[in-house]
Amino acid sequence: MAAATQADSLGSCSYAFGYARTSDVRAKGKKLSQLWCAPGHTQGLLRWFSGGPDLLSDIDHCATADSLIALINLRWDEMEGSHTTLAFAKLSRFCGEDISHHSGPGHPHLPGGFNGALHSLSQVAIAHKDTLSPEQTATMLHAIAMLGEWDLSDEVEKALIQRAVATVGEFGPQSISETMLSVTKLFVKPDAQLLAQLVAVMSARTLEVAAHMRAKDVSDVLWALGELKAEVSEPLLDALEQRAVQVSDHFLAGEISDLLWAVAAMEKAVQWELVLALQRRAYEVMPEFNKLEARRMLAAVDAMGLHVEGELRSKLKRESGAREGGAAWGSFPRRSE
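Residues numbered from 1 in each chain as written. Predicted model: local features only at pLDDT ≥ 70, side-chain atom pairs only at ≥ 80, totals over all residues. Heavy atoms only, no water.

## So, the overall build of the protein chain
Quick note on the threshold: Strands are runs of DSSP state E lasting at least two residues, helices are runs of H or I lasting at least four, and both sets are numbered from the N terminus onward. Summary of the burial criterion: residues with accessible area below 20% of their type's maximum are buried, those above 50% are exposed, and those between are partly exposed, where the area comes from a 1.4 Å probe applied to protein chains only. Contacts are assigned to residue pairs that have any heavy atoms within 4.5 Å of one another. Residue burial considers only the protein chains on display, and all accessible areas are found by Shrake-Rupley using a 1.4 Å probe.
Looking only at helices and strands, the protein chain has 17 helices and zero strands in total. Out of the 337 residues belonging to the protein chain, those deemed buried represent 51%. Taking as baseline every contact in the protein chain between residues at least 6 positions apart, the subset at least 24 positions apart corresponds to 78%. As displayed, the protein chain has an accessible area near 15,400 Å², and 52% of this comes from carbon and sulfur atoms.

What follows is the structure in structure tokens.
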């Protein structure tokens, strides 16, 4: 049976073992026949139950939340850092696509075994935190942030942030931006002292690698610093703004408004060279601006007292739905997700 078919087969099973663990099932001598499966799927389940040769591949081939949760609940005790990273990433994506689609306000619909699977992944991540690479740490923090209200506790968040602090010298531009952005979105907010420590070391590391950042990295880091109301040193802000000028041809509409919003929120002066570069780029990507992004850019430039060319301002107002000559925005519109 192909791996993808095996993954899908688990989703068609009614598994009362949602919270069971592989070791528990084996120790109690439970039989595979206790699991009701659609006809023809027994072989696929037998391979998963007894353990396949490539757990990473099995996780990768899970095509639904149900199949992934079943696999996690069966084989969590075989997992290490790489398995947990991939499983967290897929579970958070399925939450967005499958779970939230069937959820009512305040009444999320969770597949059977979801809480058990999430708890298991969290415990494995904590147990293996000292082996995690910066990329794995950043990916897991992002996944946990995406889980939102379904996140169980701050235990795994704390472990991952501590790992990020300990290995900050190994972080590259993308891992920095992903980590900083994820921390702003965590449903369970980190301890203030630990968060301050993370921001301090990430800011110092950002200054070291700013010259290698993509446009998205620059925008995300600045937005995260603004959202966290962090103290940003002049050397760091200068380095990020200089890099923004260098990569200005690669900014998307939302990234332009995010960057300007962040600088405005910090109440910092912005380099005029950057203003000109972003105005030029905004003209080029004007059709890409949605209403919120256009509003946020207008709010930011008005708050900073920046001169924006008449034609560009008119286009932004038109995209935002604002009336010409209308009242100034009272506050910065929130970032769109």
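The rest of the description comes next.
## Focus: the nonpolar core
What counts here: The definition of a nonpolar core used throughout is a set of buried Ala, Val, Leu, Ile, Met, Phe, Trp, Tyr and Cys residues joined through side-chain atoms within 4.5 Å.
Phe88, Leu225 and Leu259 are the most contacted members of the largest nonpolar core, which has 91 residues in total. Ranked by residue count, the leading element in this core is helix H14 (residues 253–266), at nine residues. Discounting residues that sit within four places of it in the chain, Leu225 has contacts with Met180, Val199, Ser203, Ala230, Val232, Leu236 and Met266.

## Re the environment of Arg243
Within the secondary structure, Arg243 is located in helix H13 (residues 234–246). Overall, Arg243 belongs to the buried group, its relative accessible area being 18%. Aside from chain neighbours lying at most four places away, what touches Arg243 is Ala210, Ala211, His212, Met213 and Val218.

## Side note on the pattern of salt bridges
Rule in force here: The salt bridge definition used is simple: a Lys or Arg side-chain nitrogen within 4 Å of an Asp or Glu carboxyl oxygen.
Under the definition given, this model contains ten salt bridges. Put simply, Arg75 and Glu78 hold a salt bridge, and the shortest N to O gap is 3.0 Å. Arg75 gets classed as buried once you look at its relative accessible area, which sits at 0%. For the salt bridge of Glu284 with Arg280, the shortest nitrogen-to-oxygen distance reads 3.4 Å. Within this pair, Glu284 and its partner Arg280 are both found in helix H15 (residues 272–284), separated by four residues, close to a single helical turn. Among the residues examined, Glu284 registers a relative accessible area of 45% and is labelled partly exposed. What makes Arg280 partly exposed here is its relative accessible area of 35%. Salt bridges sharing common partners tie together Asp249, Arg280, Arg281 and Glu284.

## A look at the packing of aromatic side chains
Here is the rule: Aromatic pairs are defined between Phe, Tyr and Trp rings, using the six-membered ring for Trp, whenever the two ring centres lie within 6.5 Å; interplanar angles under 30 degrees are classed as stacked, those over 60 as edge-to-face, and all others as tilted. The rule for a charge over a ring is simple: NZ of Lys or CZ of Arg within 6 Å of the ring centre, and within 35 degrees of the ring normal.
Counted according to the given criterion, the structure contains one aromatic pair. Over the face of the ring belonging to Phe94 we find Arg93, whose NZ or CZ atom lies 5.7 Å from the ring centre.

## Brief notes about the environment of Val209
Mapped onto the elements of the fold, Val209 is located in helix H11 (residues 192–209). With a relative accessible area of 7%, Val209 lands in the buried category. With 30 residues separating them along the chain, Val209 and Ala239 place their C-alpha atoms 9.4 Å apart. If sequence neighbours within four positions are ignored, Val209 has contacts with Phe171, Pro173 and Ile176.

## Topic: the packing of helix H10 (residues 173–185) against helix H12 (residues 215–227)
For clarity, the cut-off: Only the contacting stretch of a helix is used when fitting its axis, a line to C-alpha atoms as for every element, and angles between N-to-C directions run 0 to 180 degrees. Should the near helix be turned anticlockwise from the far one by less than a right angle, the crossing is left-handed, and should it be turned clockwise, the crossing is right-handed.
Interaxial distance between H10 and H12 falls to 9 Å at its minimum, and their mutual angle equals 35 degrees. Here the hand of the crossing between H10 and H12 comes out left-handed. Here Pro173, Gln174, Ile176, Ser177, Met180, Leu181 and Thr184 of H10 come into contact with H12, specifically with Asp217, Asp220, Val221, Trp223, Ala224, Leu225 and Glu227.

## As for helix H17 (residues 310–320)
Where we set the bar: Throughout, the arc means that of the directions going from the helix axis to the C-beta atoms.
Residues Leu312, Leu316, Lys317 and Ser320 constitute the buried set of H17. End-on, the buried residues of H17 take up no more than an arc of 135 degrees, which puts them together on one face. Within H17, the exposed residues directed more than 90 degrees away from the buried face are Gly310 and Arg318. Against H15 and helix H16 (291–303) lie the buried residues of H17. Looking one or two residues past H17, Gly321 carries a phi angle of roughly 85 degrees, positive in sign.

## Here's the deal with the packing of H14 against H15
To keep things clear, this is the line we draw: Any angle that falls under 35 degrees is termed roughly parallel, while one over 145 is termed roughly antiparallel, one within 65 to 115 roughly perpendicular, and all others oblique. Each residue is assigned to one class: nonpolar for Ala, Val, Leu, Ile, Met, Phe, Trp, Tyr, Cys and Pro, charged for Asp, Glu, Lys and Arg, and polar for all the others, Gly among them.
In contact at an axis separation of 10 Å, H14 and H15 are set at 150 degrees when each is read in the N-to-C sense. Comparing the axis directions of H14 and H15 gives the class roughly antiparallel. For the element pair H14 and H15, the recorded crossing hand is left-handed. Judged by residue contacts, Ile256, Leu259 and Leu260 of H14 engage Leu274, Leu278, Arg281 and Ala282 from H15. Looking at the contact of H14 with H15 residue by residue, the classes come out as six nonpolar, no polar and one charged.

## Observations regarding the confidence of the model for the protein chain
Test applied: Each residue gets a pLDDT score, which is the predictor's confidence in that residue and runs from 0 to 100.
With 74% of its residues at a pLDDT of at least 70, the protein chain reaches an overall mean of 78. Throughout residues 1–50 the model reports pLDDT below 50, and contacts reaching past four residues in sequence, or to other chains, amount to 77 contacts. Counting contacts from residues 100–107, a segment whose pLDDT is below 50, to residues more than four positions away or on other chains yields six contacts.

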